Amino acid sequence: MKKIVAVGEIVVEIMATEPGDGFREPLSLIGPYPSGAPAIFIDQVARLGQPCGLISCVGPDDFGHLNMERLRADGADVSAVTVAPEGVTGSAFVRYRSDGERDFVFNIKHSACGRITRSTEGDRLLDSADHLHVMGSSLFSESIVALIRHAMDRVKARGGTVSFDPNVRKEMLTLSGMRAALETILGESDVFLPSGPELFLLSTATEEEDAIAEILDLGVTAVVLKRGADGASYYDGESTVHHPAFAVTEVDPTGAGDCFGATFVTAWLRGLAPARALRLAAAAGALAVTRKGPMEGTSTEHDIETFAARRHVAVT
Ligand code: ATP
């Protein structure tokens with residue numbers, strides 16, 4: 001079975017229990033929940049029974065322990081997650097607004113995540129990898145951009161493949177060298193997994209089909225567009241597949257994109273047909289939104305298969 005590796009942030013998420021406007025008053029909070037987009041992605045891959053590992057860094061604290069134990073218990077290789085003696089595990093505080101939008105307070109760049117660096121353990125993991133997954137949210141410093149470029153080169157040199165979820169806020173594009181880094185990563189990716197407007201992040205096109213054609217022209221094999229409660233679409237230049245969302249009650253959407261992406265990439269690497277891969281991914285995304293806590297939304301292969309077989313999709 002092919003091994004999937006990701007590089008990037010491990011954090012805990014702490015959520016406000018009531019919706020409202022930000023954090024400018026004392027609040028009732030719930031957490032810590034294991035989190036960090038690449039960590040959720042790898043946890044979902046592990047729960048599908050696929051070999052996988054994460055290159056990251058935590059502090060010598062309970063938040064780091066919580067994450068490491070979860071990832072390890074679910075079957076991920078955490079040998080390349082270092083514990084920085086002087087570091088503190090990253091955190092994200094989230095509060096939903098009544099319209100469903102989210103306010104975040106992040107401590108990532110200045111946490112132990114900022115110390116993610118090239119290591120012997122990391123290179124060893126990369127040398128056993130068949131696929132690298134890259135997330136835009138992880139590109140928060142020049143040193144991690146350089147590490148991710150190194151990881152891409154190392155995995156591709158062995159004939160491996162790359163998937164890329166831009167998962168990036170527009171303001172990150174103003175960081176020095178960020179646009180160029182994203183363009184290079186996209187140009188070297190096999191699967192691109194944008195969410196809604198992220199399709200246009202690096203494109204001058206205004207129509208979906210033009211942006212997709214532009215991306216496929218770069219040499220990307222497949223574009224998988226996540227559309228939230230409106231489902232998802234797959235494009236490879238020859239075939240187009242749409243899958244509506246499964247009808248569920250949304251409790252917490254954070255992490256749905258990572259569970260969806262992990263399931264799609266795993267299915268793609270297993271050689272499943274795009275329509276089947278998209279259906280399983282949509283099932284994983286739907287299951288994820290029904291549970292509170294970003295990594296709590298990951299599912300076993302059995303649960304995803306069973307859910308997908310029920311065949312009830314939302315009318316969109
Ligand atoms: P996030 O960044 O919050 O993890 P994302 O924006 O990357 O998510 P989404 O498009 O929100 O990704 O979700 C990924 C997939 O999960 C969707 O394409 C869809 O198949 C499924 N999904 C998301 N929200 C819902 C929902 N409310 N009901 C059913 N399925 C959903």
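Here goes a summary of the coordinates provided. (Residues numbered from 1 in each chain as written. Predicted model: local features only at pLDDT ≥ 70, side-chain atom pairs only at ≥ 80, totals over all residues. Heavy atoms only, no water.)

**Here we look at the pairing of strand β7 (residues 102-107)**
Looking along a regular strand, one sees the side chains alternate between the two faces of the sheet. What counts, and what does not: Two strands form a pair only when DSSP identifies at least two bridges running between them. Strands here are runs of E lasting at least two residues and helices are runs of H or I lasting at least four, both read from the DSSP assignment and numbered beginning at the N terminus.
One ladder, built from six bridges, connects strand β6 (residues 90-96) with β7; its direction is antiparallel. Pairing of Y96 across the sheet is with R102, part of β7. Following β6, the chain reverses through five residues before pairing antiparallel with β7; G100 in that reversal takes a positive phi of roughly 95°.

**Considering helix α6 (residues 208-217)**
Where we set the bar: Exposure categories follow from relative accessible area, calculated using a 1.4 Å probe and restricted to protein chains: below 20% of the type maximum is buried, above 50% is exposed, and the middle band is partly exposed. Taking the helix axis as origin, the arc is that swept by the directions to the C-beta atoms. Residues are treated as being in contact if the distance between any of their heavy atoms lies within 4.5 Å.
Of the residues making up α6, those classed as buried are A211, I212, I215 and L216. With its buried residues spanning 135° around the axis, α6 presents them on a single face. For α6, exposure combined with an orientation more than 90 degrees from the buried face picks out E209 and D217. Of the surrounding secondary structure, the elements contacted by the buried residues of α6 are α5 (178-187), β10 (191-192), β11 (222-226) and β12 (232-235).

**Things to note about the sheet that holds β7**
Here is the rule we go by: Geometry is summarised by axes, namely lines fitted to C-alpha atoms with helices restricted to the contacting stretch, and by angles between N-to-C directions that run from 0 to 180 degrees.
Spatially, four strands are ordered β3-β2-β6-β7 in an open sheet, and the strand pairing comes out mixed. Two strands close off the open sheet at either side, each with one partner strand: β3 (29-35) and β7. Recorded for the sheet is a direction-independent mean angle of 20° between the axes of neighbouring strands. Its contacts with the sheet put helix α2 (residues 62-74) on β2 (11-16) and β3, and the angle it makes with β3 is roughly 50°.

**As for the site of the ligand**
Here is the rule: The cutoff for a nearby residue is simple: one of its non-hydrogen atoms must lie within 4 Å of the molecule or strand. Any N or O atom pair separated by 3.5 Å or less is treated as a polar contact, with the protein-specific requirement of one donor-capable and one acceptor-capable atom, and with residues adjacent in sequence counted only for side-chain atom pairs. Only the protein chains shown count as cover for residues, and the accessible areas themselves come from Shrake-Rupley with a 1.4 Å probe. The nonpolar class holds Ala, Val, Leu, Ile, Met, Phe, Trp, Tyr, Cys and Pro. Asp, Glu, Lys and Arg form the charged class, and all remaining residues, Gly among them, are polar.
The environment of the ligand is formed by 23 residues, the closest being S195, G228, G231, E250 and G257. Interatomic distance of 3.4 Å between a backbone N/O atom of P253 and an oxygen atom of the ligand. Within the backbone of G257, one N or O atom sits 3.0 Å away from an oxygen atom of the ligand. The protein chains hide 87% of the 620 Å² of surface that the ligand would expose on its own. Elements with a minimum of two residues in the shell around the ligand: α7 (256-269) and α8 (274-289). Split by residue class, the shell around the ligand holds eleven nonpolar, seven polar and five charged.

**Thoughts on α7**
The condition that has to hold: Helices are assigned an expected span. That span is 1.5 Å times one less than the residue count.
Between its terminal C-alpha atoms α7 stretches 20 Å, which fits the 20 Å expected from 14 residues at 1.5 Å a residue. Among the 14 residues of α7, twelve are classified as buried, and the element is accordingly described as predominantly covered. Where α7 is concerned, the buried positions are A256, D258, C259, F260, G261, A262, T263, F264, V265, T266, A267 and L269. Looking one or two residues beyond α7, the residue adopting positive phi is G271, at roughly 85°.

**Quick word on the state of the cysteines**
For the record, the criterion: Disulfides are defined as pairs of cysteine sulfur atoms found within 2.5 Å of each other.
Under the criterion given, the structure shown has zero disulfides. Left without a disulfide partner, C52 is nearest to the cysteine sulfur of C259, which lies 13 Å away. A residue is classified by how much of its surface remains accessible, and C259, at 0% relative accessible area, is buried.

**Concerning the pattern of salt bridges**
Going by this rule: Salt bridge criterion: a side-chain nitrogen from Lys or Arg within 4 Å of a carboxyl oxygen from Asp or Glu.
Under the criterion given, the structure shown has 13 salt bridges. In this structure, R154 engages D127 in a salt bridge whose closest nitrogen and oxygen atoms are separated by 2.9 Å. A residue pair is termed long-range when its members are at least 10 positions apart, and R154 in helix α4 (residues 142-157) and D127 in the loop between α3 (120-126) and β8 (131-135) qualify at 27 residues. For D165, the salt bridge goes to K226, with nearest N and O atoms at 2.8 Å. With D165 in strand β9 (residues 161-165) and K226 in strand β11, the pair connects residues that are 61 residues apart, well separated along the chain. Both residues of the pair, D165 and K226, count as buried. Among the charged side chains, a network of salt bridges with common partners joins R118, D123, D127 and R154.

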